[in-house]
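Below, each chain spelled out in residue letters.
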Amino acid sequence: MSQAEAATAAVPAPVHRGPRPRTVPGVLALFRSELSITFRRLRTLALLAILAALPVLIGVVVKVETGGSGGGGGPAFIAQVTQNGLFLVFTSLAVTLPVFLPMAVGVVAGDAVAGEAASGTLRYLLVAPAGRTRLLAAKFCAALAFCAAATLTVALAALATGAALFPLGRVTLLSGESVPFGEALLRALLIAGVVALSLAGLAALGLFVSTLTGSGIAAMATTVGLVITVQILDGIPQLHAVQPWLFPHYWLSFADLLRQPMYLDDVLRNLGLQGLYTAVFGAAAWARFTARDIAA
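Residues numbered from 1 in each chain as written. Predicted model: local features only at pLDDT ≥ 70, side-chain atom pairs only at ≥ 80, totals over all residues. Heavy atoms only, no water.

Observations concerning the environment of L185
Next, step 1: In this structure, L185 sits in helix 9 (residues 181-198).
Next, step 2: Leaving out residues up to four positions away in the same chain, L185 has contacts with L86 and L159. (Helix = DSSP H or I, 4+ residues; strand = E, 2+ residues; numbered from the N terminus. Contact = heavy atoms within 4.5 Å.)

Right, dumping it as structure tokens:
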């Protein structure tokens, strides 16, 4: 045997290790990465800043228009805001839920995949060991985290503004009963959780739209446009037969949690409908994303 052959034989054959094990720490690291990317974007911070400013604006307008006295009319809970500052939380959620919150969620969810494709980073993410399914799941979880963050931003800004401008104390519910402030605060936290979950179906819809295009702006505009269109359809009386199947139909049912006892029928219908939208459009997003051309 020649020296060259002996040297070649001495070199060990390469070991094919295969894909990296799918460990729980790896999944958590992927989720933390997506969370960091989502909340470090200037667009996300600007959306949260706008949402935080809206309760302040509402509170100041109510204070100026009523002089801090009782009474008044207008959107839901406005009349109760001057009686107790905690009602500014419910008022702000009622005002922002139909328009501002879903638009913010539509922008974030619509940009989740399409934004990566537009910037050219999607092809590198798809060839990483993370896998397409786990990457899509991480992006959806990040969108849900934004739903929670956006809702809490509105609620906390409204609570701080209400405490600064109006009195706090025992809260008179919509059904007429009076409860301690602590119990009402727990109901406010429950309502914020319901509102955040109410946006889950929209987050899944936005993620699906995001897998259909390589333009982040197109995906965001389409998702926001769908929100506006469905809201219009939900207000047309002639479409009452299909309206219970539209994702925003039960959004304002959280007001039933301000009754004694709490009326849960419409709240549960809302959560069930959001679960249905999440399952349908989540599956559609997965089917599209896993079959997508890796060079797209």
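Section: the pattern of salt bridges
Next, step 1: Counted by the stated rule, this structure contains 6 salt bridges.
Next, step 2: Between D111 and R43 there is a salt bridge, with its nearest N and O atoms 2.5 Å apart. With D111 in helix 6 (residues 100-119) and R43 in helix 3 (residues 42-66), this residue pair connects regions lying 68 residues apart in the sequence.
Next, step 3: Between E183 and R187 there is a salt bridge, with the nearest N and O atoms lying 3.3 Å from each other. With E183 and R187 both in helix 9 and 4 residues apart, this pair spans about one turn of that helix.
Next, step 4: Its relative accessible area of 33% is what places E183 among the partly exposed residues.
Next, step 5: According to the relative accessible area criterion, R187 is buried, its value standing at 8%.
Next, step 6: One connected set of salt bridges, linked through shared partners, spans R41, R43 and D111. (Salt bridge = Lys/Arg side-chain N within 4 Å of Asp/Glu carboxyl O. Buried < 20%, exposed > 50% of the residue type's maximum accessible area, 1.4 Å probe, protein only.)

Concerning helix 10 (residues 200-210)
Next, step 1: The buried count for helix 10 comes to 11 of 11 residues, which makes it a mostly enclosed element.
Next, step 2: Of all the residues in helix 10, the buried ones are A200, G201, L202, A203, A204, L205, G206, L207, F208, V209 and S210.

Considering helix 5 (residues 87-96)
Next, step 1: With respect to burial, helix 5 is a largely interior element, 9 of its 10 residues being buried.
Next, step 2: Looking only at helix 5, the buried set comprises F87, L88, V89, F90, T91, S92, L93, A94 and T96.

Quick word on the side chain of S92
Next, step 1: Along the polypeptide, S92 turns up in helix 5.
Next, step 2: A polar side-chain atom of S92 sits 2.8 Å from the main-chain carbonyl oxygen of L88. (Polar contact = N/O pair within 3.5 Å; in protein donor to acceptor, adjacent residues only side chain to side chain.)

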